[in-house]
Amino acid sequence: MSLLVPLPLLAPIVLLAVAVVSIARPGRRPGRYPMIVEASALAAFGFALAGLAQLLVFGPSTARLFEGPYMLAVRLDPVSVTMTLLVAFIGWVVMRYSRRYLDGEAREGRFHGLMLAALAAVQIVVQSASLTLLFLGFVAIGICLKKLLLFYPERPAARRAAAKFALVWHAGDVALFCAAALFFAGTGTVELGALSQAVGPHLSFTGHLAVGCLVLAAALKAATFPLHGWLTEVMEAPTPVSALLHAGIINAGGFLLIRTADLVQASPGAMGVVVALGGLTALFGAVVMLTQSAVKTALAWSTISQMGFMLLQCGLGLWPLALLHIVAHSLYKAHAFLSSGGAVAAVANLHRPGPIAIPSVANVLRSFAIALALYGLVSVAFSLAAGPKTPQALAIGAMLIFGVAYLVAQGLADAAPAELTWRTSLSALFVALAYFTFQQAAKLMWGASLPHAPVAGPLEWALITLAVVSFGLVAFAQAVFPLWAHHPSMAGLRVHIANGLYLNALLDRFIGGYRLAKSGQ
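Summary of the structure given here.

### Concerning the pairing of strand β1 (residues 61-65)
Bridge count for β1 against strand β2 (residues 72-76) is 5 bridges, and the pairing is antiparallel. The residue of β2 that forms the bridge with A63 is V74. Remark: 6 residues form the turn of the hairpin made by β1 and β2, two consecutive strands paired antiparallel; F66 in that turn has positive phi of roughly 70 degrees.

Right under this line is the structure:
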């Protein structure tokens, strides 16, 4: 193992240095200063690229400071380099956007400083190789983000969102602290590499408790059901904050599981909880998202659903695929939020071709059969070319195909033109090819750094079956919904779903959010 200091560690140092100067002068910053802020983010991206070169030339390396429970360690490996590059690139794009978005604000300097500090904290988290440094990084993220959510403190909704975020996020910090304490008590170390070797494939009772705390921390930080409501209200902060949160910070929960994959996978019970919680969150978020009319609110529910699906991948042991999901979702969601301002105008300018073709139940059944048949042919071809696929990987692919089957159903509707039928059928084939291609690429890039998916036993098969059937039923219900959407009972159901079954309102009552709103009037 190389003893070189990882070069990406310089990225958070540069960001923090400029952040301190910005916060020290919190007012308007005309002239060249905003360019210096953007330059610091670009420099962080440059250090991330240097880290990639260091990894390719010298191989993985770890730097440590202090010993025992106070050990602060950072690691350079394919996982940390990928996440460092991702965070640095998105950070640079967001800060470049912020330079014009916040131009002229009375607290422009403070905003830039808090954004840079938040980026530095995320950089520290993705490079961490010890539970102690992970904990400190997560605490710093929570402090910075709460202040950013309160950038407009006169808004009651902003105060309510910040209060809920702080409650959920710092509860996750407490869970992570407990996990670190339990692991140290059982093994005498908090370094992730040493923990994996000390624990091995079999956990003690203390180890199971520690993994349970890790899962709880990840679930709280990933805005999973039922404590997801705060994520739908962060739009009260400036748009760059929403972009950074949804594209980078919210992925921290999934990254925590990926970084501790060896430990989490040693507990089948914890993996089962992650599958159940992730699958429920994914389905719930997707259903509610379909009822939203506001662009940013729909994007927020989309993020909740995507985080649930990522946790589902983690629970099934598809760690490289989950990391690929983080990368793809981060890039997509950053673009979606930063370009949301023009989305309404773009939709308004669309020329509607006419009424939408509504498929019958028979058409929907045929569409599912066609999509699954194409998926089966592609999976057989890839299995012959690159080796057999695990049941977990085949299950995730089937869930994706269920979503495409909805499009195929539109093409099979009696009123649909033949060209649409061909295009939707080809889309199912394309998605199947893309899924297995990207899965193979993720395995090549990160497979050596992450554990393989566990051999499917009775518990795994039960969870796989439950997940596939659940996603299939929801996709089928979505496809046939136009047939009974005009029934009077559906109007009431739509209202309940659009409000997320009022779970967020219950959390508001718990924290006194309505009193916060009244106090600001």
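### Notes on the pattern of salt bridges
A complete count under the given rule lists 6 salt bridges for this structure. For D77, the salt bridge identified is with R75, shortest N-O distance 3.5 Å. The class for D77 is buried, based on a relative accessible area of 3%. Judged by its relative accessible area of 23%, R75 falls in the partly exposed class. Where salt bridges share partners, they join E38, R96 and R99 into one cluster.

### Topic: the packing of aromatic side chains
Summed over all chains, the structure comprises 16 aromatic pairs. With a centroid separation of 5.1 Å and an interplanar angle of 70 degrees, the aromatic rings of F225 and F284 are classed as edge-to-face. In this pair, F225 is assigned in the loop between α8 (205-221) and α9 (239-247) and F284 in helix α12 (residues 268-289), connecting sequence segments 59 residues apart. Here Y375 and F436 contribute two aromatic rings whose centre-to-centre distance is 5.5 Å and whose plane-to-plane angle is 20 degrees, an arrangement assigned as stacked. With Y375 in helix α16 (residues 361-386) and F436 in helix α18 (residues 418-446), this pair connects stretches of sequence that are 61 residues apart.

### Here we look at a nonpolar patch on the surface
Taken together, I358, V361, L365, F481, L483 and W484 make up a surface patch of nonpolar side chains, about 530 Å² in accessible area. Contributing elements (two or more residues each) for the nonpolar patch: α16 and α19 (458-484). Here the nonpolar patch takes 3 residues from α19, the largest share from any one element. Mapped onto the fold, V361 is located in helix α16.

Conventions adopted
Residues numbered from 1 in each chain as written. Predicted model: local features only at pLDDT ≥ 70, side-chain atom pairs only at ≥ 80, totals over all residues. Heavy atoms only, no water. Pairing = 2+ DSSP bridges. Helix = DSSP H or I, 4+ residues; strand = E, 2+ residues; numbered from the N terminus. Salt bridge = Lys/Arg side-chain N within 4 Å of Asp/Glu carboxyl O. Buried < 20%, exposed > 50% of the residue type's maximum accessible area, 1.4 Å probe, protein only. Phe/Tyr/Trp six-rings, centres within 6.5 Å; stacked < 30°, edge-to-face > 60°. Patch = residues over 30% accessible without salt bridge, like charges linked within 9 Å, V, L, I, M, F, W, Y side chains within 5 Å. Areas by Shrake-Rupley, 256 points an atom, 1.4 Å probe, with all protein chains shown as cover.

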